[in-house]
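Each chain, letter by letter, is given below.
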Amino acid sequence: MNARRFEVYGTVQGVGFRPFVYRTAAELGLTGWVANVNGHVEGEVAGPAGLIETFADRLRSDAPALAQVRRIRLTEGTRASYGEGFRVRHSVPASSDPAAREIPPDAAICDACLSEMRDPDDRRHRYPFVNCTDCGPRATIIDDLPYDRIRTTMRAFALCRDCAAEYADPGDRRFHAEPVACPVCGPRLAWQDLRGEEALGAAVETIADGGIVALKGLGGYQLVCDAGDPRAVAELRRRKHRPAKPFAVMVDGLRTASRLAMVGATEESALTSPERPVVLLARRRSRGTPPLAPQVHPGLTRVGLFLPTTGLHQLLLDDLARPLVVTSGNLSDEPIAVDDAEARRALSGAADGFLTHDRPIRARYDDSVVQFTGRTRITVRRARGLAPAPLPLRVREPVAGAGAQLKHTFTLAADGRAVLGPHTGDLSDLASHEAFQASYRHLRHLTGIEPRVLAHDLHPGYLSTQWARAQPLRRIAVQHHHAHVAACAAEHRVRGPFLGIAYDGLGLGDDGTLWGGEILVADLTGYRRVGRFATAPLPGGDAAVRHPSRTALGQLLGGETLGSPRPYPWLTRPFTDRLDPHEVTAVTAMVAGNVNCPRASSAGRLFDTVASLLGLADRVGYEGEAAVLLEAAAGDTHAVPLAHRLVRVDGLWVYDPAPTLADLLARQLGGEPVAPLAAAFHLTLAIVTADLAARAVAEGAPRTVCLGGGCFVNRRLLTEVRRRLRAQGLRVLVGGQVPVGDGGISYGQAAVAAARLTEKE
């Protein structure tokens, strides 16, 4: 008789791993035990040597769908336990190997639980909190590890006899499912004085009558209304102070999703995955398409759809039989509400009623957002369902990345992996900053990662930078655009030098100026700038970001002088004549006197400029809106490129946009419609990018290209840039798991810090 001790590391708690080990050992006739220990699983198994080898192989090959097995360690067992059966022992809190602790993300309701919830003969019929080892809340309810009910927010709900029997039955899919519950012993819905079905009915009636409901979801409150009711959606925009940013729409299944939008195989896989992110899809315009209110995604050709994440969402959709706007339960850029009292304070003016329940939310997780270019996934927001699943990262000494200012995340990294925290939002006020700090403390506690080094952005005005400088840790400053391309390189495990192309709004350069259209030769430890966009003033600084017309005036009046004439006044007059003359006068004076006009080499601000010149956006309600409208205007229109020019300045190749803008204005004045002009700008920028890359490679740059920055969320730009770079024989990479925009900055910061520390050893 042989005995072996096993330790399994990875995402192996909260995913049905112990029940899986139990069933595997029982099937093979082995004896022993298994337990959660700290953040991993370990145990002992006894029996014939060949069967033990089979058992060890199956730990990896047959692991549950939600599990991620990263390492298995086998040693000699302490004693053979033949004849004692196999059992699941009580979890063992421990302090050893804290870096191995991984937190399972929440998982959407599975088909088996959905079937039970819809079965009138099942005891969980229409129970909104149905779950099992394959689905349900995880990260949002965990207080501590090892993962047991007593260390979750479910500890207040004592199991009834039937649930306790399922929990203890090795043959049941709820065997050691910690959030297990039923109508007898689990959480209950509430709507004022109503409970259960009556509470749900009140919410359904409110939405059907055109009202707005604040719903307590998995990772925070959500605001819900009828997506086909123009008045309801318009009222939601008014109350939420969200005039234009598109809303996500929840649909009851793939059939409805396919009637509303173009759903390919990759999009279908994402929509139905346990992560259930919002997927950005091309909107259908065919006859018979269920109507969505125009206010859902004003001016855009793409819509964000997702399928129900919980039984509660599914019940709402079943009862209402219509798509629903399901958006973050917050006002403007505030953090999503999670506490019941906080939600009522923050959302009382936005909601006509509250559909809540008595299971506390321990951690704030908004909905994830993804899109696809072909088979390539682009993560726009990494949150519920995706975070806090770990990502690979070569790191020895524990480090953290503090993130940027917009689309904020943080990263904790140790022991060969990085935990990218959930999307916080924009660190624009005290509430968002406090939400970030609370999330950081909670995830640091759960993972056991205590960083010794903290990486942060160069910009001293970012709240994340100010927070980092107040921490009693060694600090490493990382340039914004280096972090962007480093995030892509680290995700794809690029170890050598690479060519980095970073296009975004604004980031502080190491020369003290604002960057945003950058060509870098880099590795994870450092970089050198080999190309850039020409600079232009931003009249009013941050005010120019909110007013693309100001950015356009800055380009036309004060763009970097590189030998090309600026567009002639007769070309610009149609643009300036439709603006407020006081604004034109004020901006002209500001540019002429260089008053509050920081200069920026920004690709994102050039998108703003073109959007304003084409009359698509002179003022915006959210960051990136002008670029989104410009992409929507371009659609699939055939394009003829605009004029463009590269010049050599101080050893760098610089894109001079003056000829591009002059050509755009001339073609506009000649009567060319907006769509082909918007498409022409996208094509021109792709041609310019390919030319900048070709010149860098000709001068010795690596042939591996890493793309980063929020501009590459633009599908048309990304597709054309990749096609042209690949045509040059270059290897082109873009982030898939890590957000390509500022949500990936913290991961890039952690990667740079880890590489620099390793280099010093």
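Note that the structure is predicted; figures quoted are calculated from it, not measured. (Residues numbered from 1 in each chain as written. Predicted model: local features only at pLDDT ≥ 70, side-chain atom pairs only at ≥ 80, totals over all residues. Heavy atoms only, no water.)

1. Observations concerning the overall build of the chain
For the chain, the helix and strand inventory stands at 23 helices and 31 strands. Scored against the burial criterion, the 761 residues of the chain give a buried share of 62%. Restricting to contacts in the chain with at least 6 residues of sequence separation, those with at least 24 account for 71%. If you sum the accessible surface of the chain, you get close to 28200 Å²; carbon and sulfur atoms cover 50% of it. Charged side chains of the chain number 90 positive and 83 negative; the gap between the two group centres comes to 3 Å. (Helix = DSSP H or I, 4+ residues; strand = E, 2+ residues; numbered from the N terminus. Buried < 20%, exposed > 50% of the residue type's maximum accessible area, 1.4 Å probe, protein only. Contact = heavy atoms within 4.5 Å. Areas by Shrake-Rupley, 256 points an atom, 1.4 Å probe, with all protein chains shown as cover. Lys, Arg positive; Asp, Glu negative; His and termini not counted. Charge placed at Lys NZ, Arg CZ, Asp CG, Glu CD.)

2. A short note on the packing of aromatic side chains
Enumeration over the complete set of coordinates arrives at 16 aromatic pairs. Taking 4.9 Å as the distance between ring centres and 75° as the angle between the ring planes, the aromatic pair formed by phenylalanine 436 and tryptophan 467 counts as edge-to-face. Here phenylalanine 436 is found in helix 11 (residues 430-447), whereas its partner tryptophan 467 is found in helix 12 (residues 463-469), with 31 residues between them in sequence. Summarising the burial analysis for this pair, phenylalanine 436 and tryptophan 467 share the class buried. Each ring, one from tyrosine 503 and one from phenylalanine 712, has its centre 5.4 Å from the other, and the planes form 15°; the classification is stacked. Within this pair, whereas tyrosine 503 is found in strand 23 (residues 498-508), its partner phenylalanine 712 is found in the loop between strand 30 (704-708) and helix 22 (715-727), the two being separated by 209 residues in sequence. Across the pair, exposure class does not vary: tyrosine 503 and phenylalanine 712 are buried alike. Grouped by ring-pair contacts, the aromatic residues Phe410, Phe436, Tyr440 and Trp467 constitute a single cluster. When the ring centre of tryptophan 515 is taken as reference, the NZ or CZ atom of arginine 529 above it lies at 3.8 Å. Seen from the ring of tryptophan 653, arginine 695 lies directly overhead, with NZ or CZ sitting 4.4 Å from the centre. (Phe/Tyr/Trp six-rings, centres within 6.5 Å; stacked < 30°, edge-to-face > 60°. Lys NZ or Arg CZ within 6 Å of the ring centre and 35° of its normal.)

3. Some thoughts on the pairing of strand 3 (residues 40-47)
Extensive coverage of strand 3 is indicated by the burial of 8 of its 8 residues. Every second residue of strand 3 is oriented toward a common face, with His40, Glu42, Glu44 and Ala46 on one face and Val41, Gly43, Val45 and Gly47 on the other, all of them buried. For strand 1 (residues 2-11) and strand 3, the ladder comprises 7 bridges, and the chain directions are antiparallel. In the sheet register, arginine 5 faces strand 3, and the bridge partner there is glutamate 44. Of the pairings in the sheet, the one linking strand 2 (residues 31-37) to strand 3 comprises 7 bridges and is antiparallel in character. Bridged to asparagine 36 within strand 3 is valine 41. Counting the residues that bridge the hairpin from strand 2 to strand 3 gives 2 residues, and of these asparagine 38 lies at a positive phi of roughly 55°. (Pairing = 2+ DSSP bridges.)

4. Considerations on the sheet that holds strand 18 (residues 399-401)
Ordered by their spatial adjacency, 6 strands build an open sheet running 17-20-19-18-21-22, and the pairing between neighbours is mixed. Each end of this open sheet is capped by a strand with a single partner; those strands are strand 17 (391-392) and strand 22 (474-478). When strand 19 (residues 411-414) meets strand 20 (residues 417-420), the two strands line up antiparallel, connected through 4 bridges. Within strand 20, the position partnered with leucine 412 by the bridge is valine 419. Strands in contact with helix 11 are strand 18, strand 19 and strand 20; relative to strand 19, the strand with the most contacts, it is inclined by about 20°. Relative to strand 22, helix 23 (residues 745-760) is tilted by about 115°, and along the sheet it contacts strand 17, strand 18, strand 19, strand 20, strand 21 (453-457) and strand 22. (Axes fitted to C-alpha atoms, helices over the stretch in contact; angles between N-to-C directions.)

5. A short note on the pairing of strand 2
By the criterion of burial, strand 2 is predominantly enclosed, with 7 of the 7 residues buried. Burial of strand 2 is two-sided: the residues Thr31, Trp33, Ala35 and Val37 facing one way and the residues Gly32, Val34 and Asn36 facing the other way are all buried.

6. As for the side chain of arginine 722
For arginine 722, the location among the structural elements is in helix 22. If we skip the residues at most four places from it in the chain, arginine 722 touches Thr373, Thr376, Leu707, Val732 and Val734.

7. What about the packing of helix 15 (residues 548-558) against helix 18 (residues 603-613)?
Two elements in contact, helix 15 and helix 18, have axes whose closest approach is 8 Å; the angle formed by their N-to-C orientations is 100°. For the element pair helix 15 / helix 18, the angle class is roughly perpendicular. Residues Pro548, Ser549, Thr551, Ala552, Gln555 and Leu556 of helix 15 pack against Arg605, Leu606, Asp608, Thr609, Ser612 and Leu613 of helix 18. For the contact of helix 15 with helix 18, the residue count by class is 5 nonpolar, 5 polar and 2 charged. (Parallel < 35°, antiparallel > 145°, perpendicular 65-115°, else oblique. Nonpolar A, V, L, I, M, F, W, Y, C, P; charged D, E, K, R; others polar.)

8. Some points on a nonpolar patch on the surface
There is a patch of nonpolar side chains on the surface, built from Tyr568, Trp570 and Leu669 and spanning about 350 Å² of accessible area. Relative to the helices and strands, tryptophan 570 resides in helix 16 (residues 569-577). (Patch = residues over 30% accessible without salt bridge, like charges linked within 9 Å, V, L, I, M, F, W, Y side chains within 5 Å. Salt bridge = Lys/Arg side-chain N within 4 Å of Asp/Glu carboxyl O.)

9. Re unusual backbone geometry
Note the cis peptide between leucine 145 and proline 146, where omega equals 5°. Along the chain, the position of proline 146 falls in the loop between helix 3 (111-117) and helix 4 (161-168). With an omega of 5°, the peptide bond running from alanine 387 to proline 388 counts as cis. Structurally, proline 388 can be placed in the loop between strand 16 (376-381) and strand 17. The backbone of lysine 407 sits at a positive phi, close to 50°, despite the residue not being glycine. By the element assignment, lysine 407 lies in the loop between strand 18 and strand 19. Taking relative accessible area as the criterion, lysine 407 reaches 30% and is therefore assigned partly exposed. A positive phi angle is found at asparagine 594, which is not glycine, with a value near 55°. The residue asparagine 594 is located in the loop between helix 17 (581-593) and strand 27 (599-602) in this model. Exposure remark for asparagine 594: the relative accessible area of 57% places this residue in the exposed category.

10. As for the pattern of salt bridges
Per the counting criterion, the structure on display carries 44 salt bridges. Across the pair aspartate 144 and arginine 101 runs a salt bridge whose closest N-O atoms are separated by 2.9 Å. Here aspartate 144 is found in the loop between helix 3 and helix 4, whereas its partner arginine 101 is found in the loop between strand 5 (86-88) and helix 3, with 43 residues between them in sequence. Accessibility expressed as a relative area gives 23% for aspartate 144, which makes it partly exposed. Ionic pairing is found between glutamate 560 and arginine 532, a salt bridge with its closest N-O pair at 2.9 Å. Taken together, the positions of glutamate 560 in the loop between helix 15 and helix 16 and arginine 532 in strand 25 (residues 527-533) put the pair 28 residues apart, joining distant regions of the chain. Both residues of the pair, glutamate 560 and arginine 532, belong to the buried class. Three or more residues are tied together by salt bridges with common partners; here these are Arg18, Asp148, Arg151 and Glu178.

11. Let's talk about the environment of valine 647
Structurally, valine 647 is set in strand 28 (residues 645-649). Separated by 85 residues in the primary sequence, valine 647 and leucine 562 have C-alpha atoms spaced 7.4 Å apart. Excluding residues within four positions of it along the chain, valine 647 makes contact with Leu562, Leu652, Trp653 and Val654.

12. With respect to the sheet that holds strand 4 (residues 68-76)
Taken in spatial order, the 5 strands of this open sheet run 4-1-3-2-5, and their pairing is mixed. Lying at the two open borders of the sheet, with one neighbouring strand each, are strand 4 and strand 5. Each adjacent strand pair in this sheet contributes to an overall mean axis angle of 15°, direction not counted. Pairing geometry for strand 2 and strand 5, over 3 bridges, is parallel. Paired with tryptophan 33 across the bridge in strand 5 is arginine 87. Against the sheet, helix 1 (residues 17-28) makes contact with strand 1, strand 2, strand 3, strand 4 and strand 5, and its axis sits at roughly 175° relative to strand 5, the strand it touches most.

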